[in-house]
Amino acid sequence: MKLVLFGATGMVGSRIATEASARGHQVLAVSRSGQSPVPGVTATAADATDPDRVAEVARGADVVASACVPPRDGSDPSGPFLALNEALVAGVRAAGVGRLMVVGGAGGLEVAPGQALSDQPGFPEAYLPEAHAHRAVLAYYRALDDGPDWTYVSPAAEIAPGTRTGRFRVDGDRFMTDDQGRSLISAEDYAVAFVDELEQHAHPRARMSVAY
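Summarised in this report is the structure supplied together with it. (Residues numbered from 1 in each chain as written. Predicted model: local features only at pLDDT ≥ 70, side-chain atom pairs only at ≥ 80, totals over all residues. Heavy atoms only, no water.)

### Notes on the nonpolar core
Okay, so step 1: With 30 residues, the main nonpolar core has Val4, Phe6, Val64, Leu88, Val97, Leu100 and Tyr141 as its most contacted residues.
Okay, so step 2: Breaking this core down by element, the ones donating at least two residues are strand 1 (2–6), strand 2 (26–31), helix 2 (51–58), helix 3 (78–95), strand 5 (99–103), helix 4 (128–143) and strand 8 (149–154).
Okay, so step 3: The dominant element in this core, judged by the number of residues it contributes, is helix 3, at six residues.
Okay, so step 4: The next biggest cluster of nonpolar side chains, apart from the first, holds 29 residues, and it includes Ala29, Val153, Ala156 and Ala193. (Core = buried A, V, L, I, M, F, W, Y, C linked by side-chain atoms within 4.5 Å. Buried < 20%, exposed > 50% of the residue type's maximum accessible area, 1.4 Å probe, protein only. Helix = DSSP H or I, 4+ residues; strand = E, 2+ residues; numbered from the N terminus.)

### Overview of empty space enclosed by the protein
Okay, so step 1: This model, assessed by the stated rule, comprises two cavities of 30 Å³ or more.
Okay, so step 2: Take the lining of the largest cavity: its biggest share by element is four residues, from helix 4.
Okay, so step 3: In this model, the second largest cavity occupies a volume close to 30 Å³.
Okay, so step 4: Leu109, Ser154, Pro155, Ala156, Arg174, Phe175, Met176, Ser183, Ser209, Val210 and Ala211 together form the lining of the second largest cavity.
Okay, so step 5: Counting residues per element, the lining of the second largest cavity draws most heavily on strand 12 (residues 206–211), which supplies three residues.
Okay, so step 6: Along the lines of polarity and charge, the residues of the lining of the second largest cavity split into seven nonpolar, three polar and one charged. (1 Å grid on protein atoms, 1.4 Å probe; cavity = no way out; pocket = protein on both sides within 12 Å on 5 of 7 lines; lining within 4 Å. Points joined across faces, edges and corners; volume = space filled by probe spheres on them. Nonpolar A, V, L, I, M, F, W, Y, C, P; charged D, E, K, R; others polar.)

### Quick word on the packing of aromatic side chains
Okay, so step 1: Enumeration according to the criterion identifies three aromatic pairs in this entry.
Okay, so step 2: The interplanar angle of 40° and the centroid separation of 5.8 Å between the aromatic rings of Tyr141 and Trp150 together place this pair among those described as tilted. Judged on exposure class, the residue Tyr141 and its partner Trp150 are both buried.
Okay, so step 3: Between Tyr190 and Phe194 the ring centres are 6.0 Å apart and the planes differ by 35°, which places this aromatic pair in the tilted class. (Phe/Tyr/Trp six-rings, centres within 6.5 Å; stacked < 30°, edge-to-face > 60°.)

### Quick look at the pattern of salt bridges
Okay, so step 1: Taken as a whole and assessed by the stated rule, the structure comprises 14 salt bridges.
Okay, so step 2: Glu19 is paired through a salt bridge with Arg23; the nearest N and O atoms lie 2.9 Å apart.
Okay, so step 3: The shortest N-O distance in the salt bridge between Glu158 and Arg182 comes to 2.9 Å. Taken together, the residues span a long stretch of sequence, with Glu158 in strand 9 (residues 158–160) and Arg182 in the loop between strand 10 (169–171) and strand 11 (184–186) at a distance of 24 residues.
Okay, so step 4: The exposure class assigned to Glu158 is partly exposed, which follows from its relative accessible area of 37%.
Okay, so step 5: Here Arg182 falls in the partly exposed class, since its relative accessible area comes to 42%. (Salt bridge = Lys/Arg side-chain N within 4 Å of Asp/Glu carboxyl O.)

### A short note on helix 5 (residues 187–200)
Okay, so step 1: The end-to-end C-alpha distance of helix 5 is 20 Å, a good match for the 20 Å that 14 residues give at a rise of 1.5 Å each.
Okay, so step 2: In terms of residue burial, helix 5 counts as a mostly covered element, since eleven of its 14 residues are buried.
Okay, so step 3: Within helix 5, burial applies to Ala187, Glu188, Asp189, Tyr190, Ala191, Val192, Ala193, Phe194, Val195, Glu197 and Leu198.
Okay, so step 4: Remark: His201 follows helix 5 within two positions and exhibits a positive phi of approximately 50°. (Expected span 1.5 Å × (residues − 1).)

Structure (structure tokens):
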């Protein structure tokens with residue numbers, strides 16, 4: 001497949017680029033810097049908030065993916081992050097690409113039906129703005145009444161560089177923990193699950209979650 005990946009130089013994006021390239025997919029790594037996160041992967045500079053530029057770089061892709069993250073400059077990220085995703089969708093539509101995959105957040109996952117993790121007592125206050133931004137974006141995708149066919153991929157509560165094991169669990173809206181009550185996934189294994197979904201398209205117009 002041809003994958004156009006926005007936010008390709010970040011912790012998660014670079015690992016998605018690595019995993020997809022290793023499986024033989026053609027990856028165009030897109031970032032504001034235009035740097036390639038993986039040797040041999042083609043890169044270009046673009047801003048995901050510019051729908052015309054998104055359409056230009058996405059044209060001809062099988063799938064567009066976003067590993068973009070909410071702004072972390074101390075301001076409320078919800079508005080800017082929603083605007084970024086709206087621009088991304090507009091660009092993908094203009095390019096005629098039928099699928100969009102999005103790196104999501106964990107805060108909106110459900111600890112019980114209708115009860116989001118980020119609404120629970122003890123959820124770290126420092127992470128609330130980012131959790132709210134991700135939840136607003138997911139609500140936006142769920143309200144889309146036409147293309148593209150999207151998949152929103154939520155990681156575990158804790159995601160960091162680690163080991164690629166290829167062993168993890170996949171669910172839908174459910175917040176998953178291990179036997180010790182921790183919710184973990186390495187960025188490498190998250191990328192494995194993300195590229196699995198790229199290939200299998202098992203969660204059309206839905207959220208999926210990944211954890212050990």
